[in-house]
Every structure is written in C-alpha cells, then in structure tokens.
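Coordinates in review
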Amino acid sequence: MRAAAPLLAVEGLTKRFGGFTAVDGVSFSVAQGEILGLLGPNGSGKSTTFNCIAGMLRPTAGSVRFEGQEIGGLPADEVCRRGIGRTFQIPRP
C-alpha cells in the first residue's frame, strides 16, 4: 500500500529580499491530520515562511504544494480560496 501524498509539501523554499536571504531552502511536509510546529529564534524566517505559504509573499525559489497543487507564488486571496488562510497574533495585556 502506497502512503498518501502530504496535504502540504514545501520543498526548497527560499525567499530573498535584495541581498538578504530570509529563508534558505526550507523543506517539510504535513500529512492530513498532522500537527506540525515551526520553532526558531527571532529573525530565523518563521513568519516569512508562513507568508510565502499563505501567498502574502512570492517565494524566490522552491515549491509549495497544497493537496497536490502548486500554490507557491499565487496571491493570498487565491491561496485562501484553496483552503489556506493566515491569521495574526493580537497580544492583549
């Protein structure tokens, strides 16, 4: 029996801002029903990675596939229509 394709597959994701590389070749996959955390210090590229997946930023290189379809580089509204949305933390005292 063949394993199911991942729900989300990120391969070689890279995002550069001019000469600064914020995300460099990140790869991971998430299976249906799996919960995955992305940890790292401030400035390590976590938010940039999520912004590339959600369509808020266009990746410089790499692939983002959701349900087997390439979504890397699509605008945020199209990524949202396909089933991925991003929310923001709103800290309150």
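Below: a short report on this structure. (Residues numbered from 1 in each chain as written. Predicted model: local features only at pLDDT ≥ 70, side-chain atom pairs only at ≥ 80, totals over all residues. Heavy atoms only, no water.)

Concerning the packing of aromatic side chains
- Enumeration over the complete set of coordinates arrives at 0 aromatic pairs.
- For K15, the ring lying beneath its charged end belongs to F17, and the centroid distance is 5.1 Å. (Phe/Tyr/Trp six-rings, centres within 6.5 Å; stacked < 30°, edge-to-face > 60°. Lys NZ or Arg CZ within 6 Å of the ring centre and 35° of its normal.)

Details of the environment of A61
- One can find A61 in strand β3 (residues 61–66).
- On a C-alpha basis, the gap between A61 and P6 in space is 20 Å, while along the polypeptide they are 55 residues apart.
- Excluding anything up to four places from it in sequence, A61 contacts G12, L13 and T14. (Helix = DSSP H or I, 4+ residues; strand = E, 2+ residues; numbered from the N terminus. Contact = heavy atoms within 4.5 Å.)

Considering the sheet that holds strand β1 (residues 8–17)
- As summarised here, the arrangement of the 4 strands in space is β2-β1-β3-β4, forming an open sheet in which the pairing is antiparallel. Strands at the two margins of the open sheet, each flanked by one partner only, are β2 (20–30) and β4 (69–70).
- Pairing of β1 with β2 involves 7 bridges; the strand directions are antiparallel. Across the sheet, residue K15 finds its bridge partner in β2, namely V23. (Pairing = 2+ DSSP bridges.)

What to know about the pairing of β3
- As judged from the 5 bridges shared by β1 and β3, these two strands associate in the antiparallel manner. Paired with T14 across the two strands is A61, which belongs to β3.
- The pairing of β3 with β4 spans 2 bridges and is antiparallel. Across the sheet, R65 pairs through a bridge with E70, a residue of β4.
- Hairpin connection from β3 to β4: 2 residues lie between these consecutive antiparallel strands, with E67 at a positive phi of about 50 degrees.

Examining helix α1 (residues 46–54)
- Those residues of α1 that fall on the buried side of the exposure criterion are T48, T49, N51, C52, I53 and A54.
- Buried residues along α1 sit in contact with β1, β2, β3 and α2 (76–82).
- The positive-phi residue at the C-terminal boundary of α1 is G55, with phi of around 90 degrees. (Buried < 20%, exposed > 50% of the residue type's maximum accessible area, 1.4 Å probe, protein only.)

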